[in-house]
Amino acid sequence: MTEDESGARNAAMRVRFWGTRGSIPSPGPDTTRYGGNTPCVTVALGSGVPLIFDAGTGIRALGISLDGHSPDEPLDLFLSHTHWDHIQGLPFFAPMFRRGTQLRIWGSGHPERTLEHTIQGLLAPDVFPVSFDAVGAAIEFRAPPLDPVELRGMRIRAMPVRHPGGALAYRIDVAGVAAVVYVPDNELRAEQPGAGAASRDALREASRGAALLIHDGTYTEEESADFMGWGHSTTDDALQLALDAGVKTLALFHHAPGRTDEEIDGMVSRCAARAAHEGAPLRVVGAAEGMELVLKS
């Protein structure tokens, strides 16, 4: 075992939530505990530079926290897809405007436009006062890692999931430490999974034994019939996937914009009670802004 491998085994994975809301930012008195910012999550090995997943409005606070980040170390941003709520914070991500910063953006484009074109459009003069020419960072656009890549002691693999227009899930592994599976937008019971999208069985196997599954839990069972085909799951669907895959912790994510803190409390409690009733050693939490989970085998 090398010194680096030994260090990885002794380090913990640190997962931090910077934005957990879906569709549109929803600040206000009813969302103070779980937060109103849209998706952004970081995963780091020990105190190392984090990998960034999605660039919703939560990425603004992350950018401020990276003020002391050395420009010699690249930042890696993995996008699940380019719907507004997953990219709308990028123009407010401070490191993007710092000279010398290296920013690698991983993700898929759209049949009608490249990923680079979409990101540049966020800073188009008709929608934003600062032009893309003002970006100080050296930005490199990369295809999603459908074949695993190794970064900062972590192994990252992308998998297409069920969402209109396409979306990606990511599995992040550290051998001998833990694994995190990030599935922000996914419709588990979709009748038409979409070209190339993983089946539920494939996603179950991709989540097998993970320490943490972060999964779309936008709807209740009562709401689901009205939103078939919208690309999101119910909390019961997410729970069943976690149970079937034998994960240790399920974090319900992509909270509906109108969902209050008290309603999310109820959804988490019902899922936890069902897991306990089935005798499963599964912890269920509601993903909340500022929450950090430390994972180790």
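Since the model is a prediction, treat every value here as computed from it, not as a measurement. Within each chain, residues carry numbers counting from 1 in the order of the written sequence. Two thresholds apply to this predicted model, a pLDDT of at least 70 for residue-level local features and 80 or more for giving and counting side-chain atom pairs, whereas whole-chain, interface and lining totals are computed over all residues. To get the side-chain values, take all heavy atoms of the structure and skip hydrogens and water.

Moving on, we get to the packing of helix α7 (residues 235-245) against helix α8 (residues 261-277). Axis definition: a line fitted to C-alpha atoms, over the contacting stretch in the case of helices. Angles run 0 to 180 degrees between N-to-C directions. The numbering of helices and of strands both runs from the N terminus, where a helix is a DSSP run of H or I of at least 4 residues and a strand a run of E of at least 2. Following both chains from N to C, one finds α7 and α8 inclined at 35 degrees, their axes separated by 10 Å at the closest point. α7 and α8 meet at a crossing whose hand is right-handed. Counted together, Thr235, Asp236, Leu239, Gln240 and Leu243 of α7 and Met267, Cys271, Arg274 and Ala275 of α8 form the full contact between these two elements. All amino acids are sorted into three groups, where Ala, Val, Leu, Ile, Met, Phe, Trp, Tyr, Cys and Pro are nonpolar, Asp, Glu, Lys and Arg are charged, and the leftover types, Gly among them, are polar. For the contact of α7 with α8, the per-class residue count stands at 5 nonpolar, 2 polar and 2 charged. When the near helix sits turned anticlockwise from the far one by under a right angle, the crossing is termed left-handed; a clockwise turn instead gives a right-handed crossing. By definition in these notes, contact holds between two residues if any of their heavy atoms fall within 4.5 Å.

A few words on the sheet that holds strand β11 (residues 212-216). Here, a strand pair is defined by DSSP locating no fewer than two bridges between the strands. Spatially, β7-β8-β9-β10-β11-β12-β13 is the arrangement adopted by the 7 strands of the open sheet, whose pairing is mixed. Unpaired on one side and paired on the other, β7 (149-151) and β13 (283-286) mark the two borders of the sheet. For this sheet, the mean inter-axis angle between neighbouring strands, taken without regard to orientation, is 20 degrees. Of the strand pairs in this sheet, strand β12 (residues 249-253) and β13 are connected by 4 bridges, and their pairing is parallel. From the neighbouring strand, Thr249 faces β13, where its bridge partner is Arg283.

A few words on the pattern of salt bridges. Between Lys or Arg on one side and Asp or Glu on the other, a salt bridge is scored when a side-chain nitrogen of the former is within 4 Å of a carboxyl oxygen of the latter. What the rule picks out here adds up to 17 salt bridges. A salt bridge links Glu262 to Arg33, with the nearest nitrogen and oxygen atoms 3.9 Å apart. With Glu262 in helix α8 and Arg33 in the loop between β1 (13-19) and β2 (40-45), the pair connects residues that are 229 residues apart, well separated along the chain. Three labels apply to residues, based on accessible area from a 1.4 Å probe with only protein chains included: buried if under 20% of the type maximum, exposed if over 50%, partly exposed otherwise in between. Take Glu262: its relative accessible area is 53%, and that puts it in the exposed class. With a relative accessible area of 41%, Arg33 lands in the partly exposed category. A salt bridge links Asp237 to Arg189, with the nearest nitrogen and oxygen atoms 2.8 Å apart. Taken together, the residues span a long stretch of sequence, with Asp237 in helix α7 and Arg189 in the loop between β10 (178-183) and α5 (200-206) at a distance of 48 residues. Linked by salt bridges that have partners in common, Asp201, Arg204, Glu205 and Arg208 make up one network.

As a further point, take the sheet that holds β2. Sheet architecture is open: 7 strands sit in the order β6-β5-β4-β3-β2-β1-β14, paired in mixed fashion. With partners counted over all chains shown, the strands left at the sheet margins are β6 (138-142) and β14 (292-295), one partner each. On average, each strand axis in the sheet is inclined to that of its neighbour by 20 degrees, with strand direction left out of account. Note: β1 against β2, 6 bridges, orientation antiparallel. Note on β2: the bridge partner recorded for Arg14 is Ala44.

Before going further, it helps to examine unusual backbone geometry. Here Asp54, not a glycine, exhibits a phi torsion of approximately 75 degrees, which is positive. Within the secondary structure, Asp54 sits in the loop between β3 (51-53) and α2 (59-65). Unlike most non-glycine residues, Arg152 shows phi in positive territory, near 55 degrees. By the element assignment, Arg152 lies in the loop between β7 and β8 (154-161).

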